[in-house]
Amino acid sequence: MPDHDRDHAPAVETRALRRTFAAPRNRPGAAVEALAGVDVRIERGEIFGLLGPNGAGKTTFIKILTTLLFPTSGEGRVAGHDVVRAAGEVRRRISLISGGESSGYGSLMVRECLWMYSQFYGIPAAIAWPRVDELLAVVGMTEQAHTRINRLSTGQRQRMNFARGFVSDPEVLFMDEPTLGMDVNAARALRGYVARWVRAKAGRTVLLTTHYMAEADELCDRLAIIDRGRVLACDSPAALRRQVQGGQHVELEVSVREGDGTGLPSLDGITAAWGAPHPERGTRTLKFRLPPECPLVDVLRQLEAQGVRVQGVATREASLEDVFIAVVGRGLEDTEVVK
Amino acid sequence: MSRPAVLAARLRTAAWLGWQIEANWADPFTFIVYSAVRPLATALILAVMYRAVAGIASSGQAFLGFYVANAFHEYVIRVLVGMGWVIVEEREEFETLKFVYTSPIGMFTYLWGRSSVKFVQASLSLLLILTTGWLILGLRWDWGAVRWLPLLLSFVLGLIAIVYFGFFVAGWALVLPRAAISVNEGVAAALTLLCGVIFPIDLLPRAVQVVAMLLPFTWWYEALRRFLIGHGASARLSSFSDGALLAALAVSTALFSCVSVWGYGVLERRARQNGKLDQARLF
Ligand SMILES: Nc1ncnc2c1ncn2[C@@H]1O[C@H](COP(=O)(O)OP(=O)(O)OP(=O)(O)O)[C@@H](O)[C@H]1O
Ligand SMILES: [Mg+2]
C-alpha cells in the first residue's frame, strides 16, 4: 500500500481473522477457536467497543492487533500496516492498556516510570515531562509522583498503567477492560478522560473491550458484540438498541425453589435469561422481551402452571443488555437460556 | 527528534532502567556481595584448586593465563547470561515485557541498554580479581610488554560476540519456562569448559576442539592472554600468528553474531506464535 493511501487507511481493519489455539499436549482435546473469522473496520476518530462474555476472543483480538500474537490466518491492519509483516510500523503508532493488571518496575518512581516509556517512543523531553505531569493529574496521582511503584496500592498501579497508555500519544489505543476492578469514581473519571482525549485531536482512535454494558453504552461510537470468536452484531449502541425495540422489556422477580435455582422456565415464543439473584429474599430476576402480540398475563399464567411464583413485575426501556441477550442468546452474567 | 537522537534516548533510558533495577542502592550490602564476593571466591577457589590438584604452582605462568581468562569470563557470566534473565524478570516478575515489546524500542536496543549495568559490574569484578591476583597471589605480568592496540581490539570483538550471543540466549528465554532457564547458567558453564578458560583446549577430545575453534570465545580468551600477559594457554592456538588470531576472532564473531540474530528471530516468532510474550506464568 502506498503511503498516501495509508494516511486514509482505517485505524483498524481485519479480514477473516482467525486464531486457533492447539490443545495442550498433556490434556488432548479439540483445539480452541478463539477467533473464527473476524471482519472489522474501525475508522479514525472512533471509540470502538468489543462486548462479549468470558472467552469470547476479545483479548485474543487485541493481542493480534498489538503484535503480541500471530493470527492463524486472515489479515489484520493497524493504520494501514500489516500486523504480521510490518509489526515495527504498527508498534510506532499504538499503545496497550490492560486493565486488572498491576504490573510495574517496583523500584522506579511513578513519574520517572512514565517518562521512561515516553523515551521508548522517542518523545522529546520538552513534550514528555509536561505530558507525564498532566497524565498524573488525570489519574489523580500527582501526590504519588515520587512514590516507588512497589509502595502503590493495586488500584494505584492500575491507574499508573492507564496513564502509561497515553504518554506516547498513540494513533490507536487498545484498551483491554481498562476499568476492571477500579472503584466507581475512578472508572467514571477515566472514561470521561478517554472520551475527551479522542475528541481533542483528529484521528485518535480507541479500541476497547469491556464487560460493562454501561461503559460500552456511554463511551463507544460503535460496538461489536462478539461471542465464541464471531462478531454477531456491529453498530452504534443506539442502532443496536433499536433492533430490539418494540415490545416491552420485562423483569420479573420470581421465587426459586430450594435445590432448583437454575432451571429456566420454558415460555412460548420468548427468550428469557436469569438476572441477578436475591438470596436474602430467595428470589431471582427473570428477564425477557415481551413481543407485542403476546400479553403479559399469558406469560404469568404459563409461569404459574410451572410452579414459579412471581413476586414482582417491572418493565423498562430497551438496554444494551437486551441487545446482548437477543444476539448472543444469553445474558452477560448468565449462562443459560431457553427459547 | 532525529533518528540517531531517538536511538540514543532509547539506549540511555534502557541503560538507566538497568541501573535502577540492578544497582539497588537501597541495599548496598547485597550489591557489594554480588559484585565482589562471588567472583572473588570463584577466583580463589580456582587458585587453590590449581595449587592443590595440578601442582602447577611451579608453572605459575600457565596458571596466570587461566586466572586472567577466568577474570574476563565475568563478562560472559553477567552480560550474556544476564540478557536471558532480563526477559524472565520482565515477563514474570515485573510483567512489563508486553509493554516493552509492543513499544517501538526494539528488543535489541532494549536488551543492549539493559545490559550496560552488567557490563560495568563485570568490569568491576574483573579489576577486583586481577588486583587480588596481583597483590595477594603474586600473579603478575610485565606492563611494559602489554600490546594495547590488539588487546583493545580483541576485547571489543569479544564483547560484540557476547552481546549477540546474549540475544540468542534471550530468545531462548522467550520460549522456555522459567525452570528451564537455568539453561542460561549452563551456557556460561559450557563455555568455561569449551573455550579454554581454565584449561587449554588441547585437553579436549579432537572433535570437540573443532567445535571450540568455531566459537569466538576460544579465540577471545587466547587473544586476551597473548596480548595482556604475553603468552597463550593452548599449544594448538599458539601456532597462529597474531594477525591470524585476530582474524579468526573477527570472523568467528561475525558468523556467530549472524547466527545469533537469526536464532533470536526464529525464537521470537515462535514465542509470538504460541502467545508466550505476555504470559506472566508460563506453566
Ligand atoms: N494462550 C492460550 N492458549 C490456549 N488457549 C487460549 C490461549 N489464550 C486464549 N485461549 C482461549 O481462547 C479463547 C478466547 O480467549 P480470550 O482471552 O480472547 O477471551 P476474552 O474474550 O478476552 O475473555 P475474558 O472476558 O474472560 O477476558 C478462550 O477459550 C481461551 O481459553
Ligand atoms: Mg480478556
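Residues numbered from 1 in each chain as written. Chains lettered and ligands numbered in written order. Predicted model: local features only at pLDDT ≥ 70, side-chain atom pairs only at ≥ 80, totals over all residues. Heavy atoms only, no water.

**Focus on the overall build of chain B**
A count of helical and extended segments in chain B gives twelve helices and zero strands. The N-to-C order of helical and strand elements in chain B reads α-α-α-α-α-α-α-α-α-α-α-α. Computed over its C-alpha atoms, the radius of gyration of chain B comes to 20 Å, within 12% of the 19 Å expected for a compact globule of 283 residues. Of the contacts made within chain B by residues no fewer than 6 positions apart, 78% connect residues no fewer than 24 positions apart. When the accessible surface of chain B is summed, it comes to about 12,100 Å², and 71% of that surface belongs to carbon and sulfur atoms. Where the 22 positive side-chain charges of chain B centre and where its 15 negative ones centre are 5 Å apart. (Helix = DSSP H or I, 4+ residues; strand = E, 2+ residues; numbered from the N terminus. Rg over C-alpha atoms; globule rule 2.2 N^0.38 Å. Contact = heavy atoms within 4.5 Å. Areas by Shrake-Rupley, 256 points an atom, 1.4 Å probe, with all protein chains shown as cover. Lys, Arg positive; Asp, Glu negative; His and termini not counted. Charge placed at Lys NZ, Arg CZ, Asp CG, Glu CD.)

**With respect to the site of ligand 1**
If you check the shell around ligand 1, you find 14 residues, and the closest are A:N54, A:G55, A:K58, A:T59 and A:T60. Per-site note: the chains with residues close to ligand 1 are chains A and B. In the environment of ligand 1, an oxygen atom lies 2.8 Å from a nitrogen or oxygen atom belonging to the backbone of A:G55. A distance of 2.9 Å separates an oxygen atom of ligand 1 from a polar backbone atom of A:G57. (Near = heavy atom within 4 Å. Polar contact = N/O pair within 3.5 Å; in protein donor to acceptor, adjacent residues only side chain to side chain.)

**Examining the side chain of B:S115**
All names here are of chain B. Along the chain, the position of S115 falls in the loop between α5 (107–114) and α6 (116–137). At 2.5 Å, the side chain of S115 forms a polar contact with the backbone oxygen of L111. Discounting residues that sit within four places of it in the chain, S115 has contacts with V79 and M83.

**Looking at unusual backbone geometry**
All names here are of chain A. The phi dihedral of D169 is positive, around 45 degrees, even though this residue is not glycine. When you line up the elements, D169 lands in the loop between α6 (154–164) and β7 (172–176). Judged by relative accessible area, D169 falls into the buried class, the value being 19%. Phi angles above zero are rare outside glycine, and R228 is one such case at about 45 degrees. In this fold, R228 is placed in the loop between β9 (222–227) and β10 (230–235). (Buried < 20%, exposed > 50% of the residue type's maximum accessible area, 1.4 Å probe, protein only.)

**Remarks on the interface of chain A and chain B**
Every contact between the two is made by 33 residues of chain A and, on the other side, 31 residues of chain B. With both sides pooled, the region where chain A packs onto chain B buries about 2,900 Å², and carbon together with sulfur makes up 61% of that total. Counting the surface chain A buries against chain B, the share from its top three residues, A:L68, A:Y105 and A:F120, is 25%. Note that B:D278 and A:K63 form a salt bridge whose closest N and O atoms lie 3.2 Å from each other. At the surface where chain A touches chain B, the tally comes to 13 residue pairs in polar contact (both at pLDDT 80 or more). Taken together, the elements giving at least two residues each to the side of chain A that touches chain B come down to α3 (87–93), β6 (94–98) and α4 (110–120) of chain A. In terms of residue count, the dominant contributor to the side of chain A that touches chain B is α4(A) (six residues). (Buried area = accessible area lost by both parts, 1.4 Å probe. Salt bridge = Lys/Arg side-chain N within 4 Å of Asp/Glu carboxyl O.)

**Let's talk about the sheet that holds β7(A)**
Residues and elements named next belong to chain A. Read from one edge to the other, the open sheet built from six strands follows the order β6-β7-β8-β3-β9-β10, with strand pairing classed as mixed. The sheet terminates laterally at β6 and β10, the two strands that pair on one side only. Neighbour-to-neighbour, the strand axes of this sheet turn through a mean angle of 15 degrees, independent of strand direction. Note: β9 against β10, five bridges, orientation antiparallel. Residue pairing in the sheet places L223 in a bridge with D235 of β10. (Pairing = 2+ DSSP bridges. Axes fitted to C-alpha atoms, helices over the stretch in contact; angles between N-to-C directions.)

**Comments concerning the domain arrangement of chain A**
Residue and element names in this part refer to chain A. Taken as a whole, chain A is organised into domain 1 (3–235) and domain 2 (242–338). Each of domain 1 and domain 2 has a C-alpha centre, and these two points are 35 Å apart. With 13 residues of domain 1 at the interface, the matching set in domain 2 holds eight residues. Regarding the contact of domain 1 and domain 2, the summed buried area is about 970 Å², with carbon and sulfur atoms giving 77% of it. The largest per-residue losses of area from domain 1 upon contact with domain 2 belong to P53, M213 and I225, which jointly make up 49% of the total buried on that side. Linking domain 1 to domain 2 there are zero salt bridges. Our count for the contact surface shared by domain 1 and domain 2 stands at zero residue pairs in polar contact (both at pLDDT 80 or more). (Domains from an automatic or database assignment.)

**Thoughts on helix α10 (residues 216–229) of chain B**
Relative to the 20 Å expected for 14 residues at 1.5 Å per residue, α10(B) spans 20 Å between its end C-alpha atoms, a close match to the ideal helical length. Where burial is concerned, most of α10(B) is hidden: 14 out of the 14 residues are buried. (Expected span 1.5 Å × (residues − 1).)

**What to know about the nonpolar core**
Soluble globular proteins tend to bury their nonpolar side chains together. Core analysis: the largest hydrophobic core is formed by 167 residues, its most contacted members being A:Y105, A:F174, B:F72, B:Y75, B:L80 and B:F217. A total of 17 residues in this core trace back to one element, the largest contributor, which is helix α3 (residues 60–93) of chain B. Formed by 15 residues, the second largest nonpolar core is a distinct cluster that contains A:V250, A:L252, A:L290 and A:C294. (Core = buried A, V, L, I, M, F, W, Y, C linked by side-chain atoms within 4.5 Å.)

**Observations concerning a nonpolar patch on the surface**
Residue and element names in this part refer to chain B. There is a patch of nonpolar side chains on the surface, built from F29, V33 and V37 and spanning about 290 Å² of accessible area. Tracing the backbone through its elements, the reader meets V33 in helix α2 (residues 28–54). Relative accessible area serves as the criterion here: at 32%, V33 is assigned to the partly exposed category. (Patch = residues over 30% accessible without salt bridge, like charges linked within 9 Å, V, L, I, M, F, W, Y side chains within 5 Å.)

**Some thoughts on the sheet that holds strand β2 (residues 32–42) of chain A**
All names here are of chain A. Spatial strand order, β2-β1-β4-β5: four strands in an open sheet with antiparallel pairing. Pairing within the sheet leaves two strands with one partner each, and these edge strands are β2 and β5 (81–82). Both strand β1 (residues 12–21) and β2 contribute to a ladder of eight bridges, which runs antiparallel. When the sheet's bridge partners are listed, V12 is paired in β2 with I42. Helix α2 (residues 58–65) contacts β1, β2 and β4 (73–78) of the sheet and is inclined by roughly 115 degrees relative to β1.

**Focus: the pairing of β9(A)**
Residues and elements named next belong to chain A. Of all six residues in β9, five are buried, a share of seventy percent or more. As defined by bridge partners, strand β3 (residues 47–51) adjoins β9 across four bridges and the pair is classed as parallel. Pairing of G49 across the sheet is with L223, part of β9. Linking β9 to β10, which pair antiparallel, is a turn of two residues; within it R228 sits at a positive phi near 45 degrees.

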